[in-house]
Amino acid sequence: MHLSRFRVNTARSGARRLLSSPQRLHAAVMSSFPGTLPSDINAPRVLWRLDRNARAEVFLYVVSPARPDMTHLVEQAGWPAAATDPETPGWQTRPYGPLLDRLAAGGQWGFRLTANPVHHARRKDGEPTKRTAHLTNHHQQRWLLERQDRAGFRILEKEAANRLLPAGTTHRGHSHNGDRYQMTVRDRRDVDFTKEPSAKAPVRLVTVTYDGLLEVTDPDAMRRTLTHGLGKAKAYGCGLMTLAPVQRRA
């Protein structure tokens, strides 16, 4: 497994074109792998995510079973002149195995995840259920909390002195998850694009980014989450969770 980071040159028209359509960006990411990727549903897949840290600071992260060649992305949406040095080709790729091997029960990490939090709802009696986006901060947080056990982690709670809820209050049925958990939900985006020129209806998604602190509870399940993704719309930049070491205070 590999983890790659590519900085997007947002001043270029090619970059703006890619950023305007998850379908185009997905195609560009998949074009980074000249070889045949695993087709087994149980095999790790290619996951990607855009981190928009500032208007002119946008990073593309890719987790993949094969090492990518992003030369075409550099030419279209990067800095080609600055990438002539073979030591700095315009993107960075590192082996992902060492981090995956470090995962152990009880280990604490900072995390970031962009996801498409949805549920199935029925508008009227007798109608089939329809996939519907969660729109409130509370329901978006609850979406992740309901998946944490199966995904191999638990989101850490705030210290008692820093939260408003009494100890022992569960997230189920309570409207103030943000008062209890070390987790924020931000950067909501209503994504609307046409999958194909001949498509009758556009694709509509709601995406949000989660930042917070977690503790690993099941290392094998956590590895699967990191290499297979979490939630829906993985082809469109959702599902990739990345971890960072927790900085301990002196």
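Residues numbered from 1 in each chain as written. Predicted model: local features only at pLDDT ≥ 70, side-chain atom pairs only at ≥ 80, totals over all residues. Heavy atoms only, no water.

Could you clarify how one ought to interpret the overall build of the chain in this entry?
Each helix and strand in the chain was counted, giving seven helices and eleven strands. Looking at the chain as a whole, 43% of its 250 residues are labelled buried. Partitioning the contacts of the chain with sequence separation of at least 6, the portion at a separation of at least 24 is 70%. When the accessible area of the chain is evaluated, it comes to approximately 13900 Å², of which 48% is carbon and sulfur surface. (Helix = DSSP H or I, 4+ residues; strand = E, 2+ residues; numbered from the N terminus. Buried < 20%, exposed > 50% of the residue type's maximum accessible area, 1.4 Å probe, protein only. Contact = heavy atoms within 4.5 Å. Areas by Shrake-Rupley, 256 points an atom, 1.4 Å probe, with all protein chains shown as cover.)

Could you clarify how one ought to interpret the pattern of salt bridges in this entry?
Between side chains of opposite charge, a pair can form as their charged atoms come close. The full count for this structure, using the stated rule, is ten salt bridges. Across the pair aspartate 211 and arginine 112 runs a salt bridge, and its minimum N-O distance is 2.7 Å. Of this pair, aspartate 211 sits in strand β10 (residues 203-216) while arginine 112 sits in strand β5 (residues 108-115); the two residues are 99 residues apart in sequence, bridging distant segments of the chain. Looking at aspartate 211, the relative accessible area reads 16%, which means it is buried. The exposure class of arginine 112 is partly exposed, given its relative accessible area of 22%. (Salt bridge = Lys/Arg side-chain N within 4 Å of Asp/Glu carboxyl O.)

Which parts of the structure should I look at to understand helix α2 (residues 22-30)?
Because each turn of an α-helix spans 3.6 residues, side chains separated by three or four positions in sequence point in the same direction. When we look at burial in α2, the residues that qualify are Pro22, Leu25, Ala28 and Val29. The buried residues of α2 occupy an angular sector of 120° when projected down its axis, which confines them to one face. Buried positions along α2 lie against α1 (13-19), β2 (47-54), β3 (57-64), α3 (71-77) and β9 (183-193). (Arc of directions from axis to C-beta.)

How do you make sense of the environment of proline 65 when you look at a structure like this?
Counting through the fold element by element, proline 65 comes out in the loop between β3 and α3. For the pair proline 65 and valine 46, spaced 19 residues apart in sequence, the C-alpha to C-alpha distance is 6.9 Å.

Is there a simple way to think about the confidence of the model for the chain in this case?
In low-pLDDT segments, the atomic positions of the prediction should not be examined closely. Model confidence for the chain is summarised by a mean pLDDT of 84, while 79% of its residues fall at 70 or above. The low-confidence segment residues 166-175, where pLDDT is below 50, has 13 contacts with residues more than four positions distant or belonging to other chains. (pLDDT = per-residue confidence, 0-100.)

What exactly am I supposed to notice about the side chain of histidine 2 here?
Residue placement: histidine 2 occurs in strand β1 (residues 2-8). Every residue in contact with histidine 2, bar those within four places of it in the chain, is listed here: Val62, Val63, Ser64, Pro65, Ala66, Arg67, Thr93, Arg94 and Tyr96.

Can you help me understand unusual backbone geometry in this one?
For residues other than glycine, phi is negative in most cases, and the peptide bonds are mostly trans. Phi angles above zero are rare outside glycine, and aspartate 187 is one such case at about 55°. Along the chain, the position of aspartate 187 falls in strand β9. By relative accessible area, aspartate 187 is classed as partly exposed at 27%. The backbone of alanine 233 sits at a positive phi, close to 60°, despite the residue not being glycine.

Any chance you could explain the pairing of β3 here in plain terms?
Side chains on a regular strand alternate between the two faces of the sheet. Along β3, seven of the eight residues are buried, which leaves the element largely enclosed by surrounding structure. Note: β2 against β3, seven bridges, orientation antiparallel. Within β3, the position partnered with alanine 54 by the bridge is glutamate 57. What sits between the antiparallel neighbours β2 and β3 is a turn of two residues. (Pairing = 2+ DSSP bridges.)

Just checking my understanding: could you explain the sheet that holds β1 for this structure?
Note: strands within a sheet are paired through backbone hydrogen bonds, in either parallel or antiparallel orientation. Strand order in the open sheet formed by four strands is β2-β3-β1-β4, with antiparallel pairing between adjacent strands. Among the strands making up the open sheet, the edge pair consists of β2 and β4 (91-95). Adjacent strand axes in the sheet meet at a mean angle of 20° when their direction is disregarded. Taken strand by strand, α2 contacts β2 and β3, and its axis lies near 120° from that of β2. (Axes fitted to C-alpha atoms, helices over the stretch in contact; angles between N-to-C directions.)

In this structure, what is going on with helix α7 (residues 219-228)? I would like to understand it.
With seven of ten residues buried, α7 is to be regarded as a mostly interior element. Buried within α7 we find Pro219, Ala221, Met222, Thr225, Leu226, Thr227 and His228. Sitting at the amino-terminal end of α7 is aspartate 218, which places a side-chain oxygen 3.2 Å from the backbone nitrogen of aspartate 220. (Polar contact = N/O pair within 3.5 Å; in protein donor to acceptor, adjacent residues only side chain to side chain.)

Sorry if this is basic, but what is going on with the packing of aromatic side chains here?
Geometry of an aromatic ring pair is reported as the spacing of the ring centres plus the angle between the planes. Applying the stated criterion across every chain, the model contains two aromatic pairs. For the pair phenylalanine 59 and tyrosine 61, a centre-to-centre distance of 6.5 Å together with 50° between the ring planes defines the contact as tilted. On the basis of relative accessible area, tyrosine 61 is assigned to the buried category, the value being 19%. Centre to centre, the rings of tryptophan 143 and tyrosine 210 are 6.2 Å apart; their planes meet at 20°, and the pair counts as stacked. Taken as a pair, tryptophan 143 in helix α5 (residues 137-145) and tyrosine 210 in strand β10 lie far apart in primary sequence, 67 residues in all. Tyrosine 210 carries the same exposure label as tryptophan 143, and that label is buried. A cation over a ring is seen here: arginine 49 above tyrosine 61, with NZ or CZ 5.4 Å from the ring centre. (Phe/Tyr/Trp six-rings, centres within 6.5 Å; stacked < 30°, edge-to-face > 60°. Lys NZ or Arg CZ within 6 Å of the ring centre and 35° of its normal.)

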